[in-house]
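Descriptive structure summary
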Amino acid sequence: MSSPYEMPPQRDSWFAPLSIDLLVKVLKTSFFHPFVAWIIPLCFRAQNMYWDAPPMLVSIAWASMITLSWIFITINNRIAYGLPREVDLSDEVIVITGGASGLGLLIAEVYGMRGATVAVLDVKEMENGEARGVTYYKCDVSDKAQVAKVAKDIERDLGTPTILINNAAIVLGKRFLDLSLDEIDRSLTTNLLSHFYTIKTFLPLMASSETGGTIVTISSVIGTVAAAQLSDYAAAKAGVSALHRSLTAELAQTHPNMRTVLVTPGQLSTPLFYGVQTPNSFFAPVVEPVDVAKEVIAAIDGGLSTHIGMPLYARWIDWYNVLPVGLQKIARRLAQVDTSMKTFVGRNMGATGVDDKKGQ
């Protein structure tokens, strides 16, 4: 499965194919994996090395530490997110907003091919025409009346929805003073209020399922770092993340069979942020939609509640607000957070970057 979009133009670098995410992935499957860690003392023992020999003791201590870390992570996730729900794709009805292109389309195509029933909500036709197992519904998710109508259509045509993926988004990419009030309303309604509309509409139906359901919220690291020329988008994504956390806390008390997944990606190689150049492809690589899709699909298939952050810095971005404000300022300058949108083109590949409601 590959991305249908070209990578946004980036700065030339000799280590462009290499990133800290790749290094961490290699280390997690080798040096920091319990199985590999225990191979080392076993190899020493195969060479008749004594148990009290310094290399043996160091290797056993290392393997024990790695194993305990993995156990701690497993227990931590279980305490934080609870037990997984039972998922049978043949019984699942998946609703994806903004699923006519980008990340939403990838997820829709995968589940359609795997036998799940998928409904895509978007204002534009699907980019690949028709897809197996995927039903397209023209719907502006910023219009609550349209959302209510399409929910009835989906329940009549496909069955009771069990999985909701809120993926629709738009980016205007304008400075605050250049935004009109209508554009602000349009951006906040699409990027934030649409989540309220869809969840409010579909959650009662999902909660009625014996095996529960899953709500996937696509947010962004921009909701935390709030870059220049993204005041409307940043405010919406911050609100989306807050909505997710509050809703998760409520559902844990009232509907324990419901699962929630929060996704906070960095820059995706889709037209939504076309033209934006990442300041450093090693520490902040552009993320392929297919990689995010794999993580989202794995969480849904496993019936998990979780938080997905990609690339690596997105998993630690909340620590940014812990830094002293002076260090935050330095970090923003080094990361060129507030200048990266100067090259923004957007989905239209034109001057404004304005587009209809489409997926990320």
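Residues numbered from 1 in each chain as written. Predicted model: local features only at pLDDT ≥ 70, side-chain atom pairs only at ≥ 80, totals over all residues. Heavy atoms only, no water.

A word on the overall build of the chain. The helix and strand inventory of the chain stands at eleven helices and nine strands. When its C-alpha atoms are laid out on the principal axes, the chain stretches across 75 × 50 × 35 Å. Long-range contacts, defined as pairs at least 24 residues apart, comprise 71% of the intrachain contacts of the chain with a sequence gap of at least 6. Accessible surface computed for the chain: about 17900 Å², of which carbon and sulfur atoms make up 62%. Averaging the positions of the 30 positive and the 33 negative side-chain charges in the chain gives two centres separated by 5 Å. (Helix = DSSP H or I, 4+ residues; strand = E, 2+ residues; numbered from the N terminus. Contact = heavy atoms within 4.5 Å. Areas by Shrake-Rupley, 256 points an atom, 1.4 Å probe, with all protein chains shown as cover. Lys, Arg positive; Asp, Glu negative; His and termini not counted. Charge placed at Lys NZ, Arg CZ, Asp CG, Glu CD.)

Compared with an ideal rise of 1.5 Å per residue, which puts twelve residues at 16 Å, helix 4 (residues 102-113) spans 17 Å between its outermost C-alpha atoms and is within 8% of the ideal. The buried count for helix 4 comes to ten of twelve residues, which makes it a mostly enclosed element. For helix 4, the secondary structure elements touched by its buried residues are strand 1 (93-97), strand 2 (117-122), strand 3 (134-138), strand 4 (163-166), strand 6 (213-218) and helix 9 (289-301). Looking one or two residues past helix 4, G115 carries a phi angle of roughly 100°, positive in sign. (Expected span 1.5 Å × (residues − 1). Buried < 20%, exposed > 50% of the residue type's maximum accessible area, 1.4 Å probe, protein only.)

What follows concerns the side chain of S142. By secondary structure assignment, the location of S142 is in the loop between strand 3 and helix 5 (144-157). Judged by its relative accessible area of 15%, S142 falls in the buried class. Among the polar contacts listed, one links the side chain of S142 to the side chain of D140, at a separation of 2.6 Å. (Polar contact = N/O pair within 3.5 Å; in protein donor to acceptor, adjacent residues only side chain to side chain.)

Counted as a void, the second largest pocket has a volume near 900 Å³. Around the second largest pocket, the lining is made up of 36 residues, and of these V225, Y313, I317, A335 and V337 lie nearest the centre. Those elements that place two or more of their residues in the lining of the second largest pocket are helix 7 (222-225) and helix 11 (325-335). It is helix 11 that provides the largest number of residues to the lining of the second largest pocket, a total of four residues. Grouping the amino acids of the lining of the second largest pocket by side-chain chemistry returns 26 nonpolar, nine polar and one charged. (1 Å grid on protein atoms, 1.4 Å probe; cavity = no way out; pocket = protein on both sides within 12 Å on 5 of 7 lines; lining within 4 Å. Points joined across faces, edges and corners; volume = space filled by probe spheres on them. Nonpolar A, V, L, I, M, F, W, Y, C, P; charged D, E, K, R; others polar.)

What follows is about the UniProt feature "transmembrane region" (unreviewed entry) in the chain. As recorded in UniProt, the feature "transmembrane region" (unreviewed entry) lies at residues 56-73 and 93-111. Here residues 56-73 is 100% helix and 0% strand, with 26 Å between the C-alpha atoms at its ends. For residues 93-111, the end-to-end C-alpha separation is 10 Å, with 53% helix and 26% strand making up the annotated structure. (UniProt positions renumbered as here; feature names shortened; annotations may be inferred.)

Within strand 7 (residues 258-265), eight of the eight residues are buried, which leaves it mostly tucked inside the rest of the structure. Taking every second residue as pointing to the same face, both faces of strand 7 are buried, with M258, T260, L262 and T264 on one and R259, V261, V263 and P265 on the other. Pairing analysis gives six bridges linking strand 6 to strand 7, with the strands arranged parallel. When the sheet's bridge partners are listed, T217 is paired in strand 7 with L262. Looking at chain direction, strand 7 and strand 8 (residues 306-310) are connected through five bridges and run parallel. (Pairing = 2+ DSSP bridges.)

A cluster of nonpolar residues, L18, L22, L23 and V26, forms a patch on the protein surface that exposes about 300 Å² of accessible area. The residue L22 is located in helix 1 (residues 20-28) in this model. (Patch = residues over 30% accessible without salt bridge, like charges linked within 9 Å, V, L, I, M, F, W, Y side chains within 5 Å. Salt bridge = Lys/Arg side-chain N within 4 Å of Asp/Glu carboxyl O.)

Moving on, we get to the packing of helix 4 against helix 9. The description of two helices packed together rests on the angle between their axes and the distance between the axes. Where helix 4 contacts helix 9, the axes come no closer than 9 Å and their chain directions differ by 50°. Here helix 9 runs oblique to helix 4, going by the angle between their axes. Considering the relative orientation of helix 4 and helix 9, their crossing is right-handed. Along its contact with helix 4, which presents L103, L106, I107, V110 and Y111, the element helix 9 presents P289, V290, V292, A293, V296, I297, I300 and D301. Broken down by class, the residue content of the contact of helix 4 with helix 9 amounts to twelve nonpolar, no polar and one charged. (Axes fitted to C-alpha atoms, helices over the stretch in contact; angles between N-to-C directions. Parallel < 35°, antiparallel > 145°, perpendicular 65-115°, else oblique. Left-handed = near helix turned anticlockwise from the far one by under 90°.)

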